[in-house]
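Breakdown of the fold
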Amino acid sequence: MNLSIVFEQLLQVIFPKRSTAQLVETIVALEPKPRTVETAAGVVTYLFDYRDQAARALITEAKFHHHDTAIRLLGSAVRSYLADPGEHLILPIPLSPQRQRARGYNQTTAILNAARLHHRTDGLRRTNGRPQTNLSRGEAVTSQDGVFSVSQTHQHLLTGSSLILFDDVVTTGATLSAAKAALLPHSPAAIHCVALAH
């Protein structure tokens, strides 16, 4: 038996793969099923139901583990939905500076990169908002007030533009609503909200 195979098997016993990573490795493709939901941000189009085990595994692996296959598969799904964004300017929801440093990447940006869709990461900035995990619906909505701002050097890009705000998961719509509130004073022609899952 090859020593490298023995070593790999030993590593799997000591450090077993996460169940979500194992599931991701079995997925060949995931076809988006766009639907809409009314949230604090207004109507949001989402591509997957977060209760779907495969979609949840892909998002979890992309978001928390920078899993290349998960990012590639999600990017492919986003590309099939936004195949021709036309004149829309795509803005991924930014992470707070602390979370960006801790993770080392923004999953929404990574997914848009994998989708090979032009997007801007320099127009919308995030301050240190509270994580929304375990917050009530009302707390989630108010926890995001004022956490986004627009870079002065990029305000001109927004005026008259049709924007697509892109996030990974929408629940209450608080994050997208706060981002919209920061963008609206700059007179965009329209703001469309798209999320991977709800």
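Refer to the preceding data block for the structure.
Notes on the structure follow. Counting starts from 1 at the beginning of each chain's written sequence and moves along it residue by residue. With pLDDT at 70 or above as the cut-off, local features in this predicted model cover only qualifying residues; side-chain atom pairs require 80 or more to be listed or tallied, and sums for whole chains, interfaces and linings still use all residues. The side-chain values count all of the structure's non-hydrogen atoms but skip hydrogen atoms and water molecules.

1. Some thoughts on unusual backbone geometry
Formally: In this text, helices come from DSSP runs of H or I with a minimum length of four residues, and strands from runs of E with a minimum of two, each type numbered from the N-terminal end. Accessibility here uses a 1.4 Å probe with only protein chains present; expressed as a share of the type maximum, an area under 20% marks a residue as buried, one over 50% as exposed, and anything in between as partly exposed.
For R116, which is not glycine, the phi torsion reads 55 degrees and is therefore positive. Note that R116 resides in the loop between α6 (107-115) and β4 (124-126). For R116, a relative accessible area of 63% translates into the label exposed. The phi angle at S187 is positive, at roughly 55 degrees, despite the residue not being glycine. Topologically, S187 is positioned in the loop between α9 (174-183) and β7 (190-197). What makes S187 partly exposed here is its relative accessible area of 45%.

2. Considering the pattern of salt bridges
Let me state the cut-off plainly: A pair is scored as a salt bridge if a Lys or Arg side-chain nitrogen falls within 4 Å of a carboxyl oxygen belonging to Asp or Glu.
Evaluation of the coordinates by the stated rule reveals five salt bridges. A salt bridge links E61 to R18, with the nearest nitrogen and oxygen atoms 2.5 Å apart. Note that E61 is positioned in helix α3 (residues 53-65) and R18 in the loop between α1 (3-14) and α2 (19-24), a separation of 43 residues in sequence. The partner of D49 in a salt bridge is R51, with the nearest N and O atoms 2.7 Å apart.

3. A word on the side chain of S162
Spelled out, the test is: Identification of polar contacts relies on pairs of N or O atoms within 3.5 Å, with a donor-acceptor requirement for protein atoms, meaning one able to donate a hydrogen and the other able to accept it, and with residues adjacent in sequence counted only if both atoms are side-chain atoms. Note on definitions: a residue-residue contact is assigned when non-hydrogen atoms from the two residues lie within 4.5 Å.
Mapping S162 onto the fold places it in strand β6 (residues 162-169). For S162, a relative accessible area of 17% gives the class buried. Engagement of the side chain of S162 in a polar contact is seen with the side chain of H88, the distance being 3.1 Å. Beyond its immediate sequence surroundings of up to four residues, S162 is in contact with E87, H88, L89, A189, A190 and H192.

4. Re the sheet that holds strand β3 (residues 88-92)
The following threshold applies: Strand pairing is assigned whenever DSSP detects at least two bridges linking the two strands. All axes are obtained by fitting lines to C-alpha atoms, using only the stretch in contact for helices, and the reported angles, taken between N-to-C directions, cover 0 to 180 degrees.
What the five strands build is an open sheet, ordered β1-β2-β7-β6-β3; its pairing is mixed. Either end of the sheet is taken by a strand with one partner, and the two such strands are β1 (35-39) and β3. Strand-to-strand twist of the sheet, defined as the mean angle between neighbouring strand axes without regard to direction, takes the value 30 degrees. With five bridges connecting them, β1 and strand β2 (residues 42-48) associate as antiparallel partners. Paired with R35 across the strands is Y46, a residue of β2.

5. What to know about a nonpolar patch on the surface
For clarity, the threshold we go by: Excluding any residue in a salt bridge, patches collect residues exceeding 30% relative accessible area, merging like charges within 9 Å and nonpolar Val, Leu, Ile, Met, Phe, Trp and Tyr side chains within 5 Å. Under the convention used here, a 1.4 Å probe and the Shrake-Rupley method define accessible areas, while residue burial counts only the protein chains that appear.
Judged by side-chain polarity, L10, V13, I14 and F15 come together as a nonpolar surface patch covering roughly 450 Å² of accessible area. You can see V13 is positioned in helix α1. Residue classification places V13 among the exposed residues on the basis of a relative accessible area of 69%.

6. Focus on the nonpolar core
We apply this condition: The criterion is simple. A nonpolar core is a set of buried Ala, Val, Leu, Ile, Met, Phe, Trp, Tyr and Cys residues joined through side-chain atoms within 4.5 Å.
Ranked by size, the top nonpolar core spans 29 residues in total, and within it F48, L58, L74, V78, I111, F166 and L196 carry the most contacts. Elements that contribute at least two residues to this core include exactly β2, α3, α4 (68-81), α6, β6 and β7. Here L58 is in contact with V24, I27, L30, A70, L73 and L74, once residues within four sequence places are set aside. Listed in part, the 23 residues of the second largest apolar core include V37, L89, C193 and A195.

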